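Coordinate analysis (summary)
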Amino acid sequence: MNQIIHQTSIGLEQMATSGFSGYIPQPASRRSATSFRQLPKTSLFLSLPKHTIKTQNIPLLKTTTPKKYKWVIRLRSTVEEQSPPKPSTVDVQKLVDFLYEDLPHLFDDQGIDRTAYDERVKFRDPITKHDSISGYLFNIAMLRKLFTPDFQLHWVKQTGPYEITTRWTMVMRFFLLPWKPELVFTGTSVMSINPETKKFCSHVDYWDSIENNDFFSVEGLLDVVKQLRIYKTPDLETPKYQILKRTANYEVRKYDPFIVVETDGDKLSGSRGFNSVAGYIFGKNSATEKIPMTTPVFTQAFDPEISKVSVQIVLPSEKDLNSLPAPNQAEISLRKVEGGVAAVSKFSGKPTEDITREKEKGLRYTLIRDGLKPKVGCLLARYNDPGRTWSFIMRNEVLIWLEEFSLD
């Protein structure tokens, strides 16, 4: 019996000295780890006969050590991290369909449905910040009063477990300035969903025209100011188009089909042939019919060397080839332009040949850099009568048709 007590005493001394490091079993599974944590605080890994132990001869035993507790806490964290996530109950596709219906009313009398947003919804764009649904709606009301925006929604799609992204175009006119400048913004909105309320908890806008979209963006403010400059656009009909995207250097537009009366010209910036096509709409045609003037006047180059050029006037959209009178002159013809997608660079001043060709080269280089495929040739669009308009407010555009374009 004394021998047993002696051996037990030696074993306990080793345990006390080592801090149990050699006696704590390593868990083989989550179940064993859980069982270990559920052991009673008074449990020992060594069972001794109750009537044989002489406690006065046994050294004090440290039953808790920092190593033991650190190991248990780390194990608990690991088990919790491996627990499967709770399945989401948010019907994201239903919210996608809702935005397709709701967002087109952003600036009309109906307005958006405020019940779809948390009261503390976060709204950010490069120059605006609000942290409540009231502030968000105030911003919408202010834009509507000052600019009467035309909001066009291109698409809505899910981009994350609790995230929806939209792509849009917004065209506005600032009526407080006498020249009523047009401001164009295109971009995406990332809308986050609160999984608890199943409502939108944030709305963050990203503009295509700037790099720094974080609030407050000086680049964003300068982009707004730049668009306030004076461009004189006559109050005449123009070919119908939709702006798909606006970058820092150009717009991408989708043109509807239109009809032109055209004849040969000499160069992009030239005026030879203009009097002939203008005569057609002023009554020099088979029906002596006067046709309303439109804008712009196009000159189009069909080859890379810009050696073959035509001068064109766009005819009113209600006209078609069957109803138009025939030209009186053989060198004048009518043609339907099928429309399509084009990249457009706007500039002011007198559009000399050198400036126009420089703008065309710069636009083509930028399009190729951006991964787009420009077609051969280009157009110069002149919106103003050069004899009646100051050059610094003239509106001129270089236009290049694109092979293809996608907003995805």
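Predicted model only: the values in this text are computed from it and were never measured.

1. Remarks on the sheet that holds strand β5 (residues 182-194)
Taken together, the 6 strands give an open sheet; going across it, the order is β2-β1-β6-β5-β4-β3, and neighbouring strands pair in mixed fashion. Whereas interior strands pair on both sides, the edge strands pair on one side only; in this sheet they are β2 (128-130) and β3 (150-160). Here the average twist between neighbouring strands, direction ignored, is 20°. Here strand β1 (residues 117-125) runs beside β2; their pairing, made up of 3 bridges, is antiparallel.

2. Things to note about the packing of aromatic side chains
Under the definition given, this model contains 13 aromatic pairs. The interplanar angle of 45° and the centroid separation of 4.7 Å between the aromatic rings of F185 and W207 together place this pair among those described as tilted. Residue F185 is found in strand β5, and its partner W207 is found in strand β6 (residues 199-207); the two are separated by 22 residues along the sequence. For F185, a relative accessible area of 5% gives the class buried. Here a set of aromatic residues connected by ring pairs shows up, and it is made of Y241, Y255, F258, F298 and W401. In this structure, K157 packs its charged tip against the face of W155, placed 4.2 Å from the ring centre.

3. Quick word on the sheet that holds strand β7 (residues 241-246)
Strand order in the open sheet made by the 9 strands is β7-β8-β13-β15-β14-β10-β11-β9-β12, with antiparallel pairing throughout. Both outer strands of the open sheet, β7 and β12 (333-337), are each paired with one neighbouring strand and no more. Taken pair by pair, the neighbouring strands of this sheet meet at an average axis angle of 30°, ignoring direction. Where strand β14 (residues 378-382) lies against strand β15 (residues 396-401), 4 bridges are found, and the strand directions are antiparallel. For L379, the partnering residue across the bridge sits in β15 and is L399. Relative to β15, helix α8 (residues 353-369) is tilted by about 45°, and along the sheet it contacts β13 (340-347), β14 and β15.

4. Some words on a nonpolar patch on the surface
Among the surface-exposed residues, F215, F216, V218, L221, L222 and V225 lie close enough to one another that they form a single nonpolar patch of about 560 Å² accessible area. On the basis of relative accessibility, which here comes to 55%, the residue L222 falls in the exposed class.

5. Examining helix α6 (residues 218-226)
G220, D223 and V224 are the residues of α6 that are buried. Angularly, the buried residues of α6 cover 100° about the axis, an arc narrow enough to put them on a single face. Seen from the buried face of α6, the exposed residues on the opposite side, beyond 90 degrees, are V218 and L222. Close packing links the buried residues of α6 with β5, β6 and β7.

6. Regarding the pairing of strand β4 (residues 163-173)
For β4, the tally of buried residues reaches 9 of 11 residues, placing the bulk of the element in the interior. Taken together, the 9 bridges between β3 and β4 define a ladder with antiparallel strand orientation. Note on β4: the bridge partner recorded for V156 is T166. Counting the residues between successive antiparallel strands, the hairpin from β3 to β4 contains 2 residues.

7. Looking at the side chain of R124
You can see R124 is positioned in strand β1. Residue R124 is classed as buried on the basis of its relative accessible area of 17%. Within polar-contact distance, the side chain of R124 engages the side chain of D131 at 3.0 Å. Look past the residues within four positions of R124 in its chain and what remains in contact with it is K129, H130, D131, H203, V204, D205 and F215.

Rules of the game
- Each chain carries its own residue numbering, running from 1 in the written order of its sequence.
- pLDDT decides what is reported in this predicted model: residues at 70 or higher carry local features, side-chain atom pairs at 80 or more are listed and counted, and totals for whole chains, interfaces and linings draw on all residues regardless.
- Derived side-chain values reflect all non-hydrogen atoms in the structure, with water molecules and hydrogen atoms excluded from consideration.
- Paired strands, as defined in this entry, are two strands with at least two bridges between them according to DSSP.
- Think of it this way: any DSSP run of H or I at least four residues long counts as a helix, any run of E at least two long counts as a strand, and we number them from the N terminus.
- Axes, fitted as lines to C-alpha atoms, cover a helix only where it is in contact. Angles between the N-to-C directions of the axes lie from 0 to 180 degrees.
- For Phe, Tyr and Trp, rings pair up if their centres lie within 6.5 Å, where Trp contributes its six-membered ring, and each pair is then called stacked (planes under 30 degrees apart), edge-to-face (over 60) or tilted (otherwise).
- When accessible area is computed with a 1.4 Å probe and restricted to protein chains, residues below 20% of their type maximum are described as buried, those above 50% as exposed, and intermediate ones as partly exposed.
- In this scheme, Lys NZ or Arg CZ marks a charge over a ring once it lies within 6 Å of the ring centre and within 35 degrees of the ring normal.
- Between two residues, a contact is recorded if the distance between any of their heavy atoms is within 4.5 Å.
- Excluding any residue in a salt bridge, patches collect residues exceeding 30% relative accessible area, merging like charges within 9 Å and nonpolar Val, Leu, Ile, Met, Phe, Trp and Tyr side chains within 5 Å.
- Where accessible areas are quoted, they stem from the Shrake-Rupley method and a 1.4 Å probe; at the residue level, only the protein chains shown are allowed to cover.
- In what follows, salt bridge is the name for a side-chain nitrogen of Lys or Arg lying within 4 Å of a carboxyl oxygen of Asp or Glu.
- Starting at the helix axis, one direction is taken to each C-beta atom, and the arc is that of these directions.
- Definition of a polar contact: a pair of N or O atoms within 3.5 Å, with one able to donate and the other able to accept a hydrogen when the atoms are protein atoms, and with sequence-neighbouring residues admitted only if both atoms are side-chain atoms.

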